[in-house]
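A structural walkthrough
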Amino acid sequence: MFFGNMPVAGAEGATLAHGVRFGKTGFKKGRRLDAADIALLQEAGIEEVSAVRFDENDVQEDPAAHALATAVAGPGLSVAEPFTGRSNLFAEEAGIVLLDVERLHALNRIDPDLTIATLPPFARVAAKDMVATIKVIPFAAPKDALDRCLALAEAGPLLRLAPFTGMRARLVQSRTSATAEKMLDKTVEVTRQRLHSVGGELLGERRCPHTRDGIAEAVRASLDEGADIVLVAGASAVTDRRDVLPAGIEAAGGTVEHVGMPVDPGNLLVFGHDGDTPVLGLPGCARSIKLNGFDWVLERLAAKVPVTPADIMAMGVGGLLSEIPTRPQPRSEARTTGTGNASMRAPRIAALVLAAGRSSRMGPDNKLLIPLSGKPLVRHVVDAALESSCEQVVVVTGHMQAEVTAVLAGVPVVSVHNPDFASGLASSLKAGLAAVPKDADGVIVLLGDMPKVDRRLIDRMIAAFSPADGRSIVVPVVNGKRGNPVLWAAPFIETMRQLEGDVGAKALLGQNEDQLVEIAVDHDGPLLDLDTPQALQAYRKDHS
């Protein structure tokens, strides 16, 4: 790969390494210069640009990142579309992350151009949390280095998700004359929350005297009633393997395999089994929702990941938890649904499909209802949005509401009717924006008559979206011409709701160039809308 300055006159086909500004416009880095671009640069008096040219041993950054991400990702992980040499892996459901640490180290040592960064081993994640990011550092990766990385992954995935499996638990609490019932009641609620945070359920609770036989009887009864795990909260701390709580587990017929763990808080954990059913003596700190060593053991068991005494002793590295602010804790419902860090999860994007227009240029027919490749035109865009990683799809109807709604019957979309559709595009945009969820990070506005806008284009735009990096607006570009759809960060929604008349939000693009990113598209989908009989006829001819 050549990287450096080159004369504009000889830069056709090269990719800009750094952006170029001229007049009120410019080209952003990553743009592949064509003949029209060269003419504009020369007209502006620019004689030299910083650019790259690729050779036969180069794999451009996006294909390289996507290939590597696909190779290393195992079950339970989805691979996002690449952008700027980055492809992210996201959890498909709640669970814990399992890593092949040695092979990940080996992969990162192959070539500094190819990198993978992951969450720590056994990290707990919610659905759509980011698990790993694969980044190609330069504009292209050496093919031989990429091939070596891919070969390393041939033995099997380097990371996967172990999902939570709906663990059913029973709780035993021992008590003495000094034990407060209020504390026991609180422990029940805390345990219920803790289990819920890992997809589990508390089936019931039993209280007993704090004696060996009392605990044994309660544990045995709980096991006989059926559970995936039995948890025992003792009235006093365990100070020895022969103490009341572990002795009670053994008297119930169980086996105590380990007492203590190198995690603080959580040192006084008792780990045992009755057959295949784990029986755990809880450390005193488990009466609080605060993160402790018991959580680490519970998370693995809830995901059906085996836990051994050796595993428990290995938790000491990183086991000083008192001041850890980053690991999710089941403090409330809001905390149990993810890490709480928007930069570490897939953005919540709503799709807004505008399907309210009068279709006047098509003649007597409503273009959105015209059959195209076996389904109504509007269903092409709606289905693409549903197949994408958008979290919700809103469809705005207006003209011929009943008929448009009918072709969407059974489709999981939110339908919003705009009775004022005749006043222009802005009214439909505002009607749809009112239905976008308040917690959405952004909205992608799609036109209902663009059948070549597909799932992959939408997901590429979502992959490019990153307000923290100055990419708050995402626009597809075909041969230097901007098209649709457009993805907007949530802060722009209120501004768009102020628009009036037959105008969309594109007027806002020029006002926010510093927050805008373009993605190059190699087909005419972002420019092709079927709004006349001639356009429809040409499309059918090309796709017959």
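Parameters and conventions
- Residues numbered from 1 in each chain as written.
- Predicted model: local features only at pLDDT ≥ 70, side-chain atom pairs only at ≥ 80, totals over all residues.
- Heavy atoms only, no water.
- Pairing = 2+ DSSP bridges.
- Helix = DSSP H or I, 4+ residues; strand = E, 2+ residues; numbered from the N terminus.
- Axes fitted to C-alpha atoms, helices over the stretch in contact; angles between N-to-C directions.
- Parallel < 35°, antiparallel > 145°, perpendicular 65-115°, else oblique.
- Contact = heavy atoms within 4.5 Å.
- Nonpolar A, V, L, I, M, F, W, Y, C, P; charged D, E, K, R; others polar.
- Buried < 20%, exposed > 50% of the residue type's maximum accessible area, 1.4 Å probe, protein only.
- Polar contact = N/O pair within 3.5 Å; in protein donor to acceptor, adjacent residues only side chain to side chain.
- Left-handed = near helix turned anticlockwise from the far one by under 90°.
- Core = buried A, V, L, I, M, F, W, Y, C linked by side-chain atoms within 4.5 Å.
- pLDDT = per-residue confidence, 0-100.

1. Regarding the sheet that holds strand β15 (residues 168–175)
Pairing within the open sheet is mixed, and its six strands lie in the order β16-β15-β17-β20-β19-β18. Each edge of the open sheet carries a strand with a single partner, namely β16 (201–209) and β18 (255–259). Direction aside, the axes of adjacent strands within the sheet are offset by 20 degrees on average. Examined bridge by bridge, β15 and β16 share eight bridges and lie parallel to one another. In the strand pairing of β16, L171 is matched with E205.

2. Some remarks on the packing of helix α3 (residues 101–110) against helix α4 (residues 143–152)
Where α3 contacts α4, the axes come no closer than 9 Å and their chain directions differ by 175 degrees. Judged on the interaxial angle alone, α4 and α3 are roughly antiparallel. Packed against α3, whose contacting residues are R103, A106, L107 and I110, the element α4 presents A145, R148, C149 and L152 at the interface. Here the residues of the contact of α3 with α4 are counted per class, giving six nonpolar, no polar and two charged.

3. Concerning the sheet that holds strand β5 (residues 48–53)
A sheet is described by the order of its strands in space; here three strands give the open sequence β1-β5-β2, paired in antiparallel fashion. Here the strands that pair on one side only, and so sit at the sheet edges, are β1 (2–7) and β2 (15–16). As paired elements, β1 and β5 share six bridges and run antiparallel to each other. Across the sheet, F2 pairs through a bridge with R53, a residue of β5.

4. As for the pairing of strand β19 (residues 270–274)
The buried fraction of β19 amounts to five of the five residues, a majority that puts the element mostly inside the structure. Burial along β19 is two-sided: V270, G272 and D274 facing one way and F271 and H273 facing the other are all buried. Summarising the sheet, β18 and β19 pair through four bridges and their orientation is antiparallel. Bridging across to β19, T255 finds its partner in H273.

5. Concerning the side chain of E299
Tracing the sequence through the fold places E299 in helix α8 (residues 293–302). Side chain to side chain, E299 and R124 meet in a polar contact 3.0 Å long.

6. Here we look at the packing of helix α2 (residues 61–72) against α4
Closest axis-to-axis distance for the α2/α4 pair is 9 Å, and the angle between their directions is 15 degrees. Considering their axes alone, α2 and α4 lie roughly parallel with respect to each other. In this structure, the crossing between α2 and α4 has a hand that is left-handed. Contacts between α2 and α4 pair A64, A67, L68 and A71 from the former with L146, C149 and L150 from the latter. Classifying every residue of the contact of α2 with α4 gives seven nonpolar, no polar and no charged.

7. Structural notes on the nonpolar core
One broad trend across soluble globular proteins is that nonpolar side chains are buried collectively. One finds L352, I444, I458, W488 and M496 to be the most contacted residues of the largest nonpolar core, which totals 62 residues. Top contributing element to this core by residue count: strand β21 (residues 349–355), with seven residues. The residues contacting I458, other than those within four sequence positions of it, are A384, A385, S388, C390, I444, L446 and V453. Formed by 34 residues, the second largest nonpolar core is a distinct cluster that contains A169, V198, L269 and A286.

8. Section: helix α11 (residues 377–387)
Buried residues dominate α11, accounting for eight of its 11 residues. When we look at burial in α11, the residues that qualify are L377, V378, H380, V381, V382, D383, A384 and A385.

9. Quick notes on unusual backbone geometry
Most of the time, phi is negative for any residue but glycine, and the peptide bond is trans. A cis amide bond links D264 with the next residue in sequence, P265, at an omega value of 5 degrees. Inspection of the secondary structure assignment puts P265 in the loop between β18 and β19. Geometrically, the link from N484 to P485 is a cis peptide bond, its omega value of 5 degrees lying close to zero. Among the secondary structure elements, P485 is positioned in the loop between β28 (481–482) and β29 (486–489). The phi torsion at F122 lies on the positive side, around 65 degrees, for a residue other than glycine. Along the chain, the position of F122 falls in the loop between β10 (114–118) and β11 (124–125). On the basis of relative accessible area, F122 is assigned to the partly exposed category, the value being 27%. Even without a glycine there, the phi angle at S373 is positive, about 55 degrees. One can find S373 in the loop between β22 (371–372) and β23 (375–376). With relative accessibility at 62%, the residue S373 sits in the exposed group.

10. Let's talk about the pairing of strand β26 (residues 442–447)
Counting buried residues along β26, five of its six residues qualify, which places the element largely inside the surrounding structure. Note: β21 against β26, six bridges, orientation parallel. Across the sheet, the residue bridging to V353 is L446, located in β26. As paired elements, β26 and β29 share four bridges and run antiparallel to each other. Counted as the bridge partner of V443 is W488 from β29.

11. Brief notes about the confidence of the model for the protein chain
Overall, the predicted model of the protein chain reaches an average pLDDT of 92, with 95% of residues at or above 70. Every residue in residues 331–342 scores below 50 in pLDDT, and together they form 15 contacts with partners more than four places removed in sequence or on other chains.

12. Things to note about the environment of A384
Along the chain, A384 falls in helix α11. Sequence separation between A384 and D147 is 237 residues, and the spatial gap between their C-alpha atoms is 33 Å. Leaving out residues up to four positions away in the same chain, A384 has contacts with V453, D454, R455 and I458.

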